[in-house]
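The primary structure of each chain is shown beneath.
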Amino acid sequence: LLSMYIMEKAKGHLALAGANSMWGLMSPIAKMVMLGGIITPFVMTDLRVFGAMLLFWLASLFFPYERVPFRGLLKMFAASMLAIVFNQGSFILGVGLTSPVNASIITTSMPLITMVISAIYLKEPITGLKVGGIAAGASGALLLVMSGSGTGSAAGDIRGDLLVLLAQCSYALYMVLFKNFIARYSVVTLMKWMFTFASLVLLPFTYDNLLATQWLELPWSDIAGCAFVVVGGTFISYLLMLVGLRRLRPTVAGIYNYVQPIVATIFAVLWGLDTFTWQKTVSVVLIFFGVYLVTKSKSRADMEAEKAARKE
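Cut-off values and rules
Residues numbered from 1 in each chain as written. Predicted model: local features only at pLDDT ≥ 70, side-chain atom pairs only at ≥ 80, totals over all residues. Heavy atoms only, no water. Helix = DSSP H or I, 4+ residues; strand = E, 2+ residues; numbered from the N terminus. Buried < 20%, exposed > 50% of the residue type's maximum accessible area, 1.4 Å probe, protein only. Contact = heavy atoms within 4.5 Å. Areas by Shrake-Rupley, 256 points an atom, 1.4 Å probe, with all protein chains shown as cover. Axes fitted to C-alpha atoms, helices over the stretch in contact; angles between N-to-C directions. Parallel < 35°, antiparallel > 145°, perpendicular 65-115°, else oblique. Left-handed = near helix turned anticlockwise from the far one by under 90°. Nonpolar A, V, L, I, M, F, W, Y, C, P; charged D, E, K, R; others polar.

## A short note on the overall build of the protein chain
Item 1. Within the protein chain one finds 13 helices and zero strands.
Item 2. Reading the protein chain from its N terminus to its C terminus gives the helix and strand order α-α-α-α-α-α-α-α-α-α-α-α-α.
Item 3. Looking at the protein chain as a whole, 47% of its 312 residues are labelled buried.
Item 4. Taking as baseline every contact in the protein chain between residues at least 6 positions apart, the subset at least 24 positions apart corresponds to 91%.
Item 5. For the protein chain, the accessible area works out to roughly 15700 Å², and carbon and sulfur atoms hold 71% of it.

## Quick notes on the side chain of T45
Item 1. With respect to the helices, strands and loops of the structure, T45 is situated in helix α2 (residues 41-60).
Item 2. On the accessibility criterion, T45 (6% relative accessible area) is buried.
Item 3. For T45, the residues in contact, after removing those within four places along its chain, are Q88, I92 and L202.

## As for the packing of helix α1 (residues 2-34) against α2
Item 1. At a closest axis distance of 11 Å, the pairing of α1 and α2 adopts a crossing angle of 130°. Considered as vectors, α1 and α2 are oriented oblique to each other. In terms of crossing hand, the pair formed by α1 and α2 is right-handed. For the pair α1 and α2, contact is made by W23, M26, A30, V33 and M34 and by P41, M44 and R48, respectively.
Item 2. Tallied by class, the residues present in the contact of α1 with α2 amount to seven nonpolar, no polar and one charged.

Shown next, in the form of structure tokens:
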């Protein structure tokens, strides 16, 4: 039983690391595609949501049919609003208004928001290890962002900053509020309905952007980039994220958000867009140390088990 427990936890950590690595790699790739001017941020969002919806429905053909009652569909609709529509929509609008550096810094708030919401809703304890881990991870992420920000960053707009913050709050709420619900259905069933609802909500607001896009003028490099964003950065990443959320606490899932700037930096260095400095090395060490501390912190279940053992 102990070995099975350890294996399940290991799967959760690998899944979260994989999902956030994909998201970290997706950011520079999507940016390179959008610099071409043909694919706008809204069109990129549409490609992610509509493309993932099609892939999840296609994948569902290879799994047993799973009936979802009306109440379950309503909860999936609410989950899709938090995890997809508000999260992605707010983030893209925010990045368009504020500077990339401001956006990157604000995204480091997600683990802290997740910890607070978990404490309020799930009654998870706020321990010294959790606070220390989040502080270490945030310090590493901030150092990583600031070391590559340069001096020419555009000034941020408070509206954009607030929208990026709203995106972090939205996904943190999703991880905490729906942690128990997502265990009731298969990953494919959850994702196919969540992306379907997100597509239905987004389409009335974005269809004109899709129609105006000059698809035939896209170079093959941009097509390959879009394919990675849809398949790797959305389809596979959301699958892995659900696998991780089912096995680990929301606070642990949130701390893996700090993996994204590491992957984005490594990608930039390999492509000659950046250099690896001592600040970046320290940043990586701080981030992984933060992940380790949060992982080792006690959960509510751990504390209740210890309390019961003392009574015996």
